[in-house]
Amino acid sequence: TGAPSMCVPRWRNRRRRPGRSEATPGTVADEMLACQHLSASDVGMPTKTTADDRLDRELVTLAAVLLVGAVAALLDTTVVSVALPRLSDEMGAPVATVQWVSTGYLLAMAVAIPAMGWLVDRLGARRTWLAALWCFLVGSLLCGAAWSVESLIAFRVLKGLGAGLVLPLVQAIL
């Protein structure tokens with residue numbers, strides 16, 4: 001009892017050939033378990049799925065709600081690019097100016113992402129999530145009421161700040 005096994009797994013004895021790894025991950029794990037005379041359940045590896053292993057209904061609901069918010073932010077990154085020529089005509093602005101509608105949104109998203117960690121530490125994940133959604137919602141409403149291309153760009157930046165917080169928050173909360 002208790003004497004360590006002296007067997008050496010086959011994957012350690014293999015010569016490494018150029019362009020090939022030493023062994024496939026499944027083979028290495030299986031050989032290590034066999035060498036130590038352990039089963040998968042002895043080392044905490046899952047063997048069969050039982051009713052207790054299923055995800056909680058609350059977790060699935062939370063994931064669904066978070067993903068709906070994330071999908072809205074993701075779709076908004078590209079959906080405006082289709083309307084840029086029409087926005088240029090309607091607002092009487094050159095295309096180069098109207099392109100800042102998309103660019104400002106994406107830059108605001110990039111700026112907001114690093115701030116997410118600090119905000120979650122200060123306010124908590126729930127408050128940060130709600131603030132990000134409110135920022136995105138208010139930005140969306142203001143974009144619909146924009147009276148000039150400059151105001152539309154500014155409102156898209158506000159919307160991008162909210163979207164930039166929503167996307168990493170989904171991962172942080174889950």
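Structure shown above.
Draft legend 1. A look at the pattern of salt bridges. Taken as a whole and assessed by the stated rule, the structure comprises three salt bridges. For Asp76, the salt bridge goes to Arg156, with nearest N and O atoms at 2.9 Å. Here Asp76 is found in helix α3 (residues 57–79), whereas its partner Arg156 is found in helix α8 (residues 149–173), with 80 residues between them in sequence. Accessibility classification places Asp76 together with Arg156 in one group, the buried group. Across the pair Asp76 and Lys159 runs a salt bridge, and its minimum N-O distance is 2.8 Å. Of this pair, Asp76 sits in helix α3 while Lys159 sits in helix α8, and the two are 83 residues apart along the sequence. Comparing Asp76 with Lys159, the two get one shared label, buried. Members of the salt-bridge network, linked through shared partners, are Asp76, Arg156 and Lys159.

Draft legend 2. Inspection of helix α7 (residues 125–144) at higher detail. Helix length check: α7, at 20 residues, gives a terminal C-alpha distance of 29 Å against a target of 28 Å (1.5 Å per residue), a fit within 8%. Buried within α7 we find Thr128, Trp129, Ala132, Cys135, Phe136, Gly139 and Cys143. Viewed end-on, α7 has its buried residues packed into an arc of 130°, placing them on one side of the element. Turned more than 90 degrees away from the buried face of α7 sit Arg126, Arg127, Trp134, Leu141 and Gly144, all of them exposed.

Conventions and cut-offs
Residues numbered from 1 in each chain as written. Predicted model: local features only at pLDDT ≥ 70, side-chain atom pairs only at ≥ 80, totals over all residues. Heavy atoms only, no water. Salt bridge = Lys/Arg side-chain N within 4 Å of Asp/Glu carboxyl O. Helix = DSSP H or I, 4+ residues; strand = E, 2+ residues; numbered from the N terminus. Buried < 20%, exposed > 50% of the residue type's maximum accessible area, 1.4 Å probe, protein only. Expected span 1.5 Å × (residues − 1). Arc of directions from axis to C-beta.

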